[in-house]
Amino acid sequence: MRIGILISGRGSNLKALIDTCAEPGFRGRIALVISNRPGAPGLAIAEAAGIPTLVIDHKEYASRTTFDAELDQALRKAGVELICNAGFMRILTDEFVEKWRDRQINIHPSILPAFKGMHVHQRALDAGVKITGCTVHFVRAEMDEGPIVAQAAVPVLPGDTAETLAARVLEAEHKLYPLALRLIVDGRARVAGEQVVIDYDGE
Ligand code: GRF
């Protein structure tokens with residue numbers, strides 16, 4: 001399966017996915033990494049791994065529609081079959097999302113449907129939750145919504161700040177995203193209705 005990864009920044013989840021795809025026998029290959037920000041550090045991570053990269057700078061496009069059309073064209077040209085959003089900070093048009101329905105996944109640093117949107121770790125602390133975590137889900141038009149592939153729980157510890165909590169959740173993200181990708185690439189996770197059914201194959 002040819003995978004396209006969308007990033008905007010640091011690229012630590014990208015790195016986790018690159019490492020997974022490099023494992024022997026993994027049936028997915030990263031065909032292209034696209035960043036909407038020219039200086040995204042994740043671009044260098046992809047380049048170091050010999051993966052083709054592309055910058056599609058949203059600032060150069062008059063509208064979301066024209067930006068998304070360029071994105072769509074680049075992904076199709078690279079033969080991408082599954083898009084992984086990894087810290088991609090652009091809202092996509094409904095049209096783009098529909099075109100890639102059930103073929104685009106995202107990672108979000110909370111246990112959805114709790115804490116959609118931004119500043120999730122501070123909001124989790126403010127809410128006093130004792131467990132948070134991360135979610136990999138198929139992308140739908142509403143932000144941080146869509147059929148859930150996998151989730152991991154992470155404890156909130158006394159004295160946590162948004163930074164310490166983010167770091168703990170990020171470690172979990174680096175395990176969860178590869179796991180979720182593997183399920184999809186192996187054909188063991190499929191969308192049925194608006195839920196993901198996992199085939200555990202007797203395990
Ligand atoms: C991660 O916390 C991810 O869940 C969120 O943005 C962050 C991206 O980090 N959507 P990185 O670029 O993968 O290091």
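The coordinates are above.
All residue numbers refer to position in the chain's written sequence, counted from 1. Under the rules for a predicted model, residues below a pLDDT of 70 receive no local features and side-chain atom pairs below 80 are neither given nor counted, while totals for whole chains, interfaces and linings still include all residues.

*Asks:* Mind showing me how you'd approach the site of the ligand here?
*Replies:* The criterion for a residue being near a molecule or strand is simple: its C-beta atom, placed using the backbone, must lie within 6 Å of it. Around the ligand sit 14 residues, and of these R10, S12, N13, G87 and P109 come closest. When residues of the shell around the ligand are traced back to their parent elements, those giving at least two are α1 (12-21), β5 (104-108) and α6 (162-185). Top element by residues in the shell around the ligand is α1. It accounts for three residues. The residue inventory of the shell around the ligand, partitioned by class, reads five nonpolar, seven polar and two charged. Domain segmentation is taken from an automatic or database assignment of domains. The residues that make up the shell around the ligand include at least three from each of domain 1 (1-100) and domain 2 (108-203). Strands here are runs of E lasting at least two residues and helices are runs of H or I lasting at least four, both read from the DSSP assignment and numbered beginning at the N terminus. Side-chain classes are defined by residue name, with Ala, Val, Leu, Ile, Met, Phe, Trp, Tyr, Cys and Pro counting as nonpolar, Asp, Glu, Lys and Arg as charged, and the others, Gly among them, as polar.

*Asks:* Where do I start with the sheet that holds β5 in this structure?
*Replies:* Across a sheet, paired strands are connected by hydrogen bonds in the backbone, their directions being either parallel or antiparallel. A pair of strands is treated as paired once DSSP finds two or more bridges between them. Ordered by their spatial adjacency, seven strands build an open sheet running β3-β2-β1-β4-β5-β6-β7, and the pairing between neighbours is mixed. Each end of this open sheet is capped by a strand with a single partner; those strands are β3 (53-55) and β7 (148-155). Strand-to-strand twist in this sheet, taken as the mean axis angle between neighbours without regard to direction, amounts to 20 degrees. All axes are obtained by fitting lines to C-alpha atoms, using only the stretch in contact for helices, and the reported angles, taken between N-to-C directions, cover 0 to 180 degrees.

Interpretation in functional terms is not warranted from these geometric data alone.
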